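The lines below spell out each chain.
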Amino acid sequence: MYQSITIKNFRSFSDLTIAPLGQVNLIIGANSIGKTALLEALFLFANESALGSLNGNASHKGW
């Protein structure tokens, strides 16, 4: 399990660190604050092939 996450230079985040993380984490906030950008960053981290797909170079690492 991850203890923290740091996002640098992604969309509206120049340097964001969230710690500590638990087994379940709730993301809340006002409109246009970056909730979706946070989820996109987590998706890209969790799914390395997504980054290649965005560039048109799908990577099938591990297939």
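Notes on the structure follow. Everything numeric here is computed off the predicted structure, so don't read it as measured data. (Residues numbered from 1 in each chain as written. Predicted model: local features only at pLDDT ≥ 70, side-chain atom pairs only at ≥ 80, totals over all residues. Heavy atoms only, no water.)

## What to know about the layout of surface pockets
Definition in use: Cavity means a closed set of points on a 1 Å grid over the protein atoms alone, one where a 1.4 Å probe fits but cannot get out, pocket means an open set with protein on both sides within 12 Å along at least 5 of 7 lines, and lining means a residue has an atom within 4 Å of a point. Grid points are joined across faces, edges and corners, and a volume is the space filled by probe spheres set on the points. Helix numbers and strand numbers start at the N terminus; a helix is a DSSP run of H or I with at least 4 residues, a strand a run of E with at least 2.
A volume near 320 Å³ is recorded for the largest pocket. Every residue along the wall of the largest pocket is listed here: Met1, Tyr2, Ser4, Ile5, Ile18, Leu21, Gly22, Asn25, Ile27, Leu38, Leu42 and Phe45. Ranked by residue count, the leading element in the lining of the largest pocket is helix 1 (residues 35-46), at 3 residues.

## Side note on a nonpolar patch on the surface
Quick note on the threshold: Patch definition: residues with relative accessible area over 30% and no salt bridge; like charges joined within 9 Å; nonpolar side chains (Val, Leu, Ile, Met, Phe, Trp, Tyr) joined within 5 Å. Note on areas: Shrake-Rupley with a 1.4 Å probe; residue coverage comes only from the protein chains shown. For this analysis, a salt bridge means a side-chain nitrogen from Lys or Arg found within 4 Å of a carboxyl oxygen belonging to Asp or Glu. Summary of the burial criterion: residues with accessible area below 20% of their type's maximum are buried, those above 50% are exposed, and those between are partly exposed, where the area comes from a 1.4 Å probe applied to protein chains only.
Taken together, the side chains of Ile27, Leu39 and Leu42 define a hydrophobic patch exposed on the protein surface, amounting to about 230 Å² of accessible area. When you line up the elements, Leu39 lands in helix 1. For Leu39, a relative accessible area of 48% translates into the label partly exposed.

## Let's talk about the nonpolar core
Here is the rule we go by: Only buried Ala, Val, Leu, Ile, Met, Phe, Trp, Tyr and Cys residues count toward a nonpolar core, and they belong to the same one when joined by side-chain atoms within 4.5 Å. Residue contacts are counted whenever heavy atoms from the two residues lie within 4.5 Å of one another.
Grouped together as the largest cluster of nonpolar side chains are 7 residues: Ile5, Ile7, Phe10, Phe13, Ala37, Leu38 and Ala41. Contributions of two or more residues to this core are made by strand 1 (5-10) and helix 1. Each residue touching Leu38, except ones within four places of it in the same chain, is listed here: Ile7, Phe13, Leu16, Ile18 and Ile27.

## As for the pattern of salt bridges
Within this structure, the stated rule accounts for 1 salt bridge. The salt bridge involving Arg11 is made with Glu40; its shortest N-O contact spans 2.6 Å. Residue Arg11 is found in the loop between strand 1 and strand 2 (13-18), and its partner Glu40 is found in helix 1; the two are separated by 29 residues along the sequence. The exposed category is assigned to Arg11, whose relative accessible area is 62%.

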